[in-house]
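What follows is each chain in one-letter form.
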There are 4 protein chains.
Amino acid sequence: MAKSKFEYVRDFEADDTCLPNCWVVTRLDGRNFHRFAEQHGFSKPNDDRALHLMTKCAQTVMQELEDIVMAYGQSDEYSFVFKKKSNWFKRRASKFMTHVVSQFASSYVFYWKDYFKDQPLLYPPGFDGRVVLYPSNQNLKDYLSWRQADCHINNLYNTVFWMLVQRSGLTPVQAQDRLQGTLAGDKNEILFSEFNINYNNEPLLYRKGTVLIWQKVNEVTTKRIKLPKETEEKEVEVTRTRTKAVPLHCDIIGDQFWEEYPEILADS
Amino acid sequence: MAKSKFEYVRDFEADDTCLPNCWVVTRLDGRNFHRFAEQHGFSKPNDDRALHLMTKCAQTVMQELEDIVMAYGQSDEYSFVFKKKSNWFKRRASKFMTHVVSQFASSYVFYWKDYFKDQPLLYPPGFDGRVVLYPSNQNLKDYLSWRQADCHINNLYNTVFWMLVQRSGLTPVQAQDRLQGTLAGDKNEILFSEFNINYNNEPLLYRKGTVLIWQKVNEVTTKRIKLPKETEEKEVEVTRTRTKAVPLHCDIIGDQFWEEYPEILADS
Amino acid sequence: MAKSKFEYVRDFEADDTCLPNCWVVTRLDGRNFHRFAEQHGFSKPNDDRALHLMTKCAQTVMQELEDIVMAYGQSDEYSFVFKKKSNWFKRRASKFMTHVVSQFASSYVFYWKDYFKDQPLLYPPGFDGRVVLYPSNQNLKDYLSWRQADCHINNLYNTVFWMLVQRSGLTPVQAQDRLQGTLAGDKNEILFSEFNINYNNEPLLYRKGTVLIWQKVNEVTTKRIKLPKETEEKEVEVTRTRTKAVPLHCDIIGDQFWEEYPEILADS
Amino acid sequence: MAKSKFEYVRDFEADDTCLPNCWVVTRLDGRNFHRFAEQHGFSKPNDDRALHLMTKCAQTVMQELEDIVMAYGQSDEYSFVFKKKSNWFKRRASKFMTHVVSQFASSYVFYWKDYFKDQPLLYPPGFDGRVVLYPSNQNLKDYLSWRQADCHINNLYNTVFWMLVQRSGLTPVQAQDRLQGTLAGDKNEILFSEFNINYNNEPLLYRKGTVLIWQKVNEVTTKRIKLPKETEEKEVEVTRTRTKAVPLHCDIIGDQFWEEYPEILADS
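Under an unreviewed UniProt entry, the name given to chain A is tRNA(His) guanylyltransferase, and the source organism is Gopherus evgoodei. As recorded by UniProt, the Catalytic activity (unreviewed entry) comment attached to chain A reads in full: "a 5'-end ribonucleotide-tRNA(His) + GTP + ATP + H2O = a 5'-end phospho-guanosine-ribonucleotide-tRNA(His) + AMP + 2 diphosphate + H(+)". What the UniProt record of chain A gives under Subunit (unreviewed entry) is the line "Homotetramer. Interacts with MFN1 and MFN2; functions as a guanyl-nucleotide exchange factor/GEF for MFN2 and also probably MFN1."

As structure tokens, then:
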């Protein structure tokens, strides 16, 4: 059986190398997650279980794949930033995006029960992804700011919307009509005057989303050992320093975050 | 918070529309599946549970996504053929490949226990994917032939290799040395003379891989109903005709398959 | 001086290989040719000198470059069809388009005086170009039909427009208003009833544009030779068969052209 | 004649937008200029007429097209740098490269006689071009350094090579053998000891190539005017400040050039 006769078909594979010296951002979004959230009883406007599961998956992606310097997630989306100099899989865009989404998707099912306990997963969810290149640090920061601003806008809207539905008994259509054309200030005012909610006291997780950065952490584990001259085992605590993808829920639009963690953009 | 100030970053997203009127093939491969197979005790050279799980995932992909006319799988890879005229997600390559790999990956974990029973899944596996375009029917058939020829070559090699290791007690290195430079005929001869195995009697699943095509099938389900004038429920059989992705283990290199299923290439 | 230190910049060159087994069409257009035509006194609606110069340049492109099977031109544009199997410069799109436009542009200036005689060329003109891939023969024929239909539509419009301006003394704006919303039949009627012109008798060059295809032609040249036993030279005619890019002005939308010249699409 | 029936073919045109916020470099090279130089009697190793004609064409390109901030040329090649923020033709790569090469090619023929006087142009030359993106200023400077280092290396080689051929009477093959494996120092030594040439005294045009940058220049023109109260015309000199593409032959590898002309990289 002549293998070589068919191998010419490999020439049809197009090269999709990412331009060097650019930040490579891979963003993924849940497919039809509106329906998925309903069928799995997600609480509204935010479901802590779902948000923490998303972050667990993102941590797995960062730990399993190479060269990711940070990630940012909100709602059913997550963005991963590969370092400018990354040469992982020769910078092929298809490799970046398929490894990220497949690792994320399999982790989502794998870790589901750790977060959703008695709520069974009814079917395997899908995600879509894309790769975008950002040449300068400012472009990258603006990209992340864009996503965090999106988080804020959506969360403020959703917080008021679900208050109107859940507490004031409006139908979704009525709530939508009520919010039509309102500005941020109007929405804050509704929350405060009608529901006694100061939006700024809402959890940072909801208002800012989740930033994952690499941090050294001390892990303390307990080991049972037997010393040479003793007859019985005893427990000792062992402290190990590891580098982990740690979640933060802070502002990344202003300068403070970037001044505090200059190593992220250093990309040496 | 000015969302618009940051939205310029959307202009950095490149268009990756697939050329119209070409077959769009998305192939995925397991990431580090050599290690994955070892850690999960896959039997060698072929593990039926793993092969059937792969096919279950591929069926899920075909059922969940649009416009896939057939699929072909072997070992830890699967290829999906989207129809020439598909305009799914405006033919964007990133959409084709990320939806395929993420749906496949989440299904792999979701359906794992149905096939692997007591063997727990130790960690969530990753897959990589790519998109390749084939302008003509002949190019597409040659692509699929290339993969099936690859299946044959690898399976013949692996069958002899593992016989030498498992039955003759050779170390992997010794088995590799023994097979160095042998042709297909030599390998068939070793199988026959030393292990009394006629390679052509090996299961088609191993030798030909798996083709998934859409077929109308009659599904018989049992329902419990209570008729108006009766007091007790009774069971009835309901027959429904559905279109399903059905697995075949046949040759797709010769003309016979394509003559038998002309609708695959018709793509009207 | 370390050359190697800088050579990394070559990695920034993106691969732009054209998908194999597709027709590669390169189309060029004159840049700002409306202004160019005015400044060089082109006659309206068609200038024979300009049209023939365009075709001379296209013939030069076909003769100088590789693998062009035909060309089609009208107004200030020309399309070149490279054969499906062409591997010229490894099918790199940038090579196809820059070789075509630069050869065309230099030829335009070089041959200008052969067609424009006393009208001097005032400045060097520019052209832009692009590469488009067509997977099937039908796609290619439809592309060429699109250009020829465009030629017809524009030429019919321009013929009436300039009659109204040149013979009826309308201003360009008045002529434009007059033609606003008219169909092909209306324009034919104006030509016939007001100017006694039967559009179908207009020159094919204007109505159909120019097709360039490779044809064997006999070239007769006169040579002066001296035969061994004679003392004086004498003139003899020498006939040589050459393959040249020959202009036709025929319909290429219907089947007849393609049936008459099947070798164009044969692409063996 | 239905135009619309064919217009679907426009969907086959791929988007080739250049990534925003990157320097867009378009480089062109003469096609088969080795042969072209021989047939037109270029002096070796450098022909001043040819080098000045190249620069005249590059100036025309800079004046005619938009957004070019500088150019660098040597031998039969020229690179044009479009500014990072350029949105000329929506940053489509095909537009950048075809406009540059076609304008260059037509200018080459148009201005030929101004530089080559009695040497007629025998045929229209071709050029090829490409587009490369550079994300950072350092990448751009390194690109230009690469080209200037290339100029130096080639010119040193060619200077010695042609001395050996023209003055020492070596055949080209002998000269090539003589230079096989020599380093820059060896070549300098041959020039000095055998031909009494100090390479550093060779013209900067040859050693450094040509940089074109925008500079304000005062142009003095003579006009004939007639003042109201006078009966005869008189000549007056009129001084106008214009921005022109001015040629320099200086080092662009070190920092000095970039410090002297910071506006080039400012690209605000």
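Visitor: Explain the sheet that holds strand S6 (residues 234-248) of chain B to me, please; I cannot follow it from the model alone.
Guide: Pairing between the strands of a sheet comes from backbone hydrogen bonds, and it takes one of two forms, parallel or antiparallel. Residue and element names in this part refer to chain B. Spatial strand order, S4-S1-S3-S2-S5-S6: six strands in an open sheet with antiparallel pairing. Each of the sheet's edge strands pairs with one partner strand only, and the pair in question is strand S4 (127-134) and S6. Neighbouring strand axes in the sheet, compared pairwise and without regard to direction, differ in orientation by 25° on average. Bridging between strand S2 (residues 68-74) and strand S5 (residues 210-225) involves four bridges; their strand directions are antiparallel. By the bridge assignment for S5, Gly73 is matched with Thr210. This element, helix H4 (residues 137-166), spans strand S1 (23-30), S2, strand S3 (77-82) and S4 of the sheet and lies at about 25° to S2.

Visitor: Explanation requested: the UniProt feature "binding site: GTP" (unreviewed entry) in chain A in the structure shown.
Guide: All names here are of chain A. The sites that UniProt annotates as "binding site: GTP" (unreviewed entry) are Asp29, Gly30, Arg31, Asn32, Phe33, His34, Ser75 and Asp76. In sequence the annotated residues extend across 48 residues, while in space they remain close, none of their C-alpha pairs exceeding 12.7 Å. Residue position: Arg31 is located in the loop between strand S1 (23-30) and helix H1 (33-39). Given a relative accessible area of 17%, Arg31 falls into the buried group. Among the secondary structure elements, His34 is positioned in helix H1.

Visitor: What am I meant to see in the packing of aromatic side chains here?
Guide: In this structure the tally under the stated criterion is 112 aromatic pairs over all chains. A centroid spacing of 6.0 Å and a plane angle of 90° characterise the contact between Phe36(B) and Phe42(B), whose relative ring orientation is edge-to-face. Of the residues examined, Phe36(B) reaches a relative accessible area of 1% and is grouped as buried. Ring pairing ties together the aromatic residues Phe33(A), Phe36(A), Phe42(A), Tyr78(A), Phe80(A), Phe104(A), Tyr108(A), Trp112(A), Phe116(A), Tyr123(A) and Phe127(A), which thus form one cluster. Taking NZ or CZ as reference, Arg147(B) lies 4.3 Å from the ring centre of Trp146(B), over its face. The ring of Phe110(D) has Lys113(D) sitting right over it, with the charged end atom 5.7 Å from the ring centre.

Visitor: Got a minute to help me understand the environment of Ser102(B) in this structure?
Guide: Residues and elements named next belong to chain B. For Ser102, the location among the structural elements is in helix H3 (residues 93-116). Classification of Ser102 as buried rests on a relative accessible area of 0%. Note: C-alpha distance between Ser102 and Phe89 (13 residues apart in sequence) is 16 Å. A polar atom in the side chain of Ser102 sits 3.5 Å from the backbone oxygen of His99.

Visitor: Is there a simple way to explain the pattern of salt bridges in this structure?
Guide: Side chains carrying opposite charge are able to pair once their charged atoms draw close together. All told, the structure shown has 72 salt bridges over all chains when counted by the stated rule. Measuring nitrogen to oxygen at the nearest pair gives 3.8 Å for the salt bridge that ties Asp67(A) to Lys83(A). Of the two residues, Asp67(A) is situated in the loop between helix H2 (48-64) and strand S2 (68-74) and Lys83(A) in the loop between strand S3 (77-82) and helix H3 (93-116); the sequence distance between them amounts to 16 residues. Of the residues examined, Asp67(A) reaches a relative accessible area of 23% and is grouped as partly exposed. Residue classification places Lys83(A) among the partly exposed residues on the basis of a relative accessible area of 25%. Note that Lys95(D) is salt-bridged to Asp128(C), the shortest N-O span being 2.1 Å. Of this pair, Lys95(D) sits in helix H3 (residues 93-116) while Asp128(C) is found in strand S4 (residues 127-134), placing the two residues in two different chains. Residue Lys95(D) is classed as buried on the basis of its relative accessible area of 7%.

Visitor: Looking at this structure, how should I read the packing of helix H4 (residues 137-166) of chain C against helix H6 (residues 184-195) of chain C?
Guide: Axes are the key here: two packed helices are described by the angle between their axes and the distance separating the axes. All names here are of chain C. Running from N to C, H4 and H6 cross one another at 35°; their axes reach a closest spacing of 10 Å. With respect to the hand of their crossing, H4 and H6 are arranged in left-handed fashion. Facing H4, whose interface residues are Leu156, Tyr157, Thr159, Val160, Met163 and Leu164, H6 presents Ala184, Lys187, Asn188, Ile190, Leu191, Glu194 and Phe195. When grouped by side-chain class, the residues that make up the contact of H4 with H6 number nine nonpolar, two polar and two charged.

The rules we used
- Residues numbered from 1 in each chain as written.
- Chains lettered and ligands numbered in written order.
- Predicted model: local features only at pLDDT ≥ 70, side-chain atom pairs only at ≥ 80, totals over all residues.
- Heavy atoms only, no water.
- UniProt positions renumbered as here; feature names shortened; annotations may be inferred.
- Pairing = 2+ DSSP bridges.
- Helix = DSSP H or I, 4+ residues; strand = E, 2+ residues; numbered from the N terminus.
- Axes fitted to C-alpha atoms, helices over the stretch in contact; angles between N-to-C directions.
- Contact = heavy atoms within 4.5 Å.
- Buried < 20%, exposed > 50% of the residue type's maximum accessible area, 1.4 Å probe, protein only.
- Phe/Tyr/Trp six-rings, centres within 6.5 Å; stacked < 30°, edge-to-face > 60°.
- Lys NZ or Arg CZ within 6 Å of the ring centre and 35° of its normal.
- Polar contact = N/O pair within 3.5 Å; in protein donor to acceptor, adjacent residues only side chain to side chain.
- Salt bridge = Lys/Arg side-chain N within 4 Å of Asp/Glu carboxyl O.
- Left-handed = near helix turned anticlockwise from the far one by under 90°.
- Nonpolar A, V, L, I, M, F, W, Y, C, P; charged D, E, K, R; others polar.

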